[in-house]
Amino acid sequence: MDDSAAPRYTHGHHGSVLRSHGRRTAENSAAYLLPELREGMRVLDVGCGPGSITLDLAPRAGSAGQVIGIEVVEEPLEAARAAAAARGDTRTDFRLGDVYALDFADGEFDVVHAHQVLQHLADPVAALREMRRVTKPGGLVAVRDVDYGTCVWTPQLPALDHWLAVYDRVARSNDGEPNAGRLLKSWSRAAGLEDARLTASAWIFATADEREWWGSTWAERATLSRFAEDAKARGIASSGDLRRIVDAWSAWSQDDDAEFVMTHVELLARV
């Protein structure tokens, strides 16, 4: 797919974004799904990004199974293929794909998974219907999305309050829904996924290493990523506003008492 035809992804694919997403694992981002995976399953990972979760799912499908990761643009797939090569994984397949028009037959997969994808889509219900279409009867659609409205942190730096307000406006200007977690149930019902189980889990960043990683990636995103470009181009935040956000993330990451918590909602729907 031509990049110009893709939905505008709020974060973009700057190195800071790929570095952040590359730290995600099956254990810290898809634990709710892992007990359902079995040897020999075919798994589709929609919006796979740099492939860290995808590659963690692959051993659970085993040599008799298959895991495919798709992305709407090529750039993160290059990182995913490099990560697969570094692991010696020659079976996991990474390819271009559009969640609204998946290039697979009906009922082709045992599991169709999407992590932090629906929040960025203008029509998440249509995406869920298409994910359901390629899932075999008795298979699972598995999605996990953050709810930015539930984010809490300390210390309460005003510039971080501003960061969240700016992020919300930029995401919505790209036809996204930053509070997607609280809407997964209604979206899944509208998509015809009635046999569903909801759970919730959280990320917390509190140790020195976690604070440095989370704070530094967001400090970079606030000036160098597509998020920053869109914020300035659409009059949502000035360069000065973004500079103050960068300084706040730096101050937050250096505070030994600091913590940041993000809540995610998870949905497992049996087709």
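Rules used throughout
Residues numbered from 1 in each chain as written. Predicted model: local features only at pLDDT ≥ 70, side-chain atom pairs only at ≥ 80, totals over all residues. Heavy atoms only, no water. Helix = DSSP H or I, 4+ residues; strand = E, 2+ residues; numbered from the N terminus. Rg over C-alpha atoms; globule rule 2.2 N^0.38 Å. Buried < 20%, exposed > 50% of the residue type's maximum accessible area, 1.4 Å probe, protein only. Contact = heavy atoms within 4.5 Å. Areas by Shrake-Rupley, 256 points an atom, 1.4 Å probe, with all protein chains shown as cover. Lys, Arg positive; Asp, Glu negative; His and termini not counted. Charge placed at Lys NZ, Arg CZ, Asp CG, Glu CD. UniProt positions renumbered as here; feature names shortened; annotations may be inferred. pLDDT = per-residue confidence, 0-100. Axes fitted to C-alpha atoms, helices over the stretch in contact; angles between N-to-C directions. Parallel < 35°, antiparallel > 145°, perpendicular 65-115°, else oblique. Nonpolar A, V, L, I, M, F, W, Y, C, P; charged D, E, K, R; others polar. Core = buried A, V, L, I, M, F, W, Y, C linked by side-chain atoms within 4.5 Å. Salt bridge = Lys/Arg side-chain N within 4 Å of Asp/Glu carboxyl O.

1. Details of the overall build of the protein chain
Stage number 1. Scanning the protein chain from terminus to terminus reveals ten helices and eight strands.
Stage number 2. The C-alpha atoms of the protein chain give a radius of gyration of 18 Å, which matches the 18 Å a tight globule of 271 residues would have.
Stage number 3. For the protein chain, the spread of C-alpha atoms along the three principal axes comes to 50 × 40 × 35 Å.
Stage number 4. Looking at the protein chain as a whole, 54% of its 271 residues qualify as buried.
Stage number 5. Looking at the protein chain alone, contacts between residues at least 24 apart form 81% of all its contacts between residues at least 6 apart.
Stage number 6. With an accessible surface of roughly 11300 Å², the protein chain has 50% of that area assigned to carbon and sulfur atoms.
Stage number 7. Charged side chains in the protein chain number 30 positive and 41 negative. The centres of these two groups are separated by 3 Å.

2. A few points about the UniProt feature "domain: Methyltransferase" (unreviewed entry) in the protein chain
Stage number 1. In the numbering used here, UniProt assigns the "domain: Methyltransferase" (unreviewed entry) feature to residues 38-147.
Stage number 2. The distance from the first to the last C-alpha atom of residues 38-147 is 29 Å, and the span holds 30% helix and 31% strand.

3. Observations concerning the confidence of the model for the protein chain
Stage number 1. When pLDDT is averaged across the protein chain, the result is 92; 92% of the residues are at 70 or more.
Stage number 2. Every residue in residues 1-5 scores below 50 in pLDDT, and together they form six contacts with partners more than four places removed in sequence or on other chains.

4. Structural notes on the side chain of Q119
Stage number 1. With respect to the element layout, Q119 can be found in the loop between β4 (109-115) and α5 (124-133).
Stage number 2. With residues near it in sequence (within four places) discarded, Q119 still touches D145, V146, Y148, Y167, G176, E177 and A180.

5. What to know about the packing of helix α8 (residues 208-224) against helix α10 (residues 239-253)
Stage number 1. At a closest axis distance of 8 Å, the pairing of α8 and α10 adopts a crossing angle of 175 degrees. One way to sum up the angle between α8 and α10 is to call them roughly antiparallel. In this structure, α8 contributes R211, E212, W214, G215, W218, A219, A222 and T223 to the contact, and α10 contributes L242, R243, I245, V246, W249, W252 and S253.
Stage number 2. Within the contact of α8 with α10, the residues separate by chemical class into nine nonpolar, three polar and three charged.

6. Section: the nonpolar core
Stage number 1. Y148, W163, W214, W249, W252, F260 and M262 are the most contacted members of the largest nonpolar core, which has 33 residues in total.
Stage number 2. Breaking this core down by element, the ones donating at least two residues are α6 (158-173), β7 (195-205), α8, α9 (226-233), α10 and β8 (259-270).
Stage number 3. The element contributing the most residues to this core is α6, with eight residues.
Stage number 4. Leaving out residues up to four positions away in the same chain, W252 has contacts with W153, T154, P155, L157, L160, F205, R211, W214, G215, A258, E259 and F260.

7. Focus: the environment of D168
Stage number 1. Tracing the sequence through the fold places D168 in helix α6.
Stage number 2. Separated by 91 residues in the primary sequence, D168 and E259 place their C-alpha atoms 21 Å from one another.

8. Thoughts on the pattern of salt bridges
Stage number 1. Taken as a whole and judged by the stated rule, the model has 19 salt bridges.
Stage number 2. Of the charged contacts, one joins D168 and R172 as a salt bridge, the two residues approaching to 2.9 Å between their closest N and O atoms. Taken as a pair, D168 and R172 lie in helix α6 at a separation of four residues, close to a single helical turn.
Stage number 3. The class for R172 is partly exposed, based on a relative accessible area of 35%.
Stage number 4. Residue D256 is joined to R211 by a salt bridge in which the shortest nitrogen-to-oxygen separation is 3.2 Å. Placement of D256 in the loop between α10 and β8 and of R211 in helix α8 is noted, with a sequence separation of 45 residues between them.
Stage number 5. Residue classification places R211 among the buried residues on the basis of a relative accessible area of 5%.

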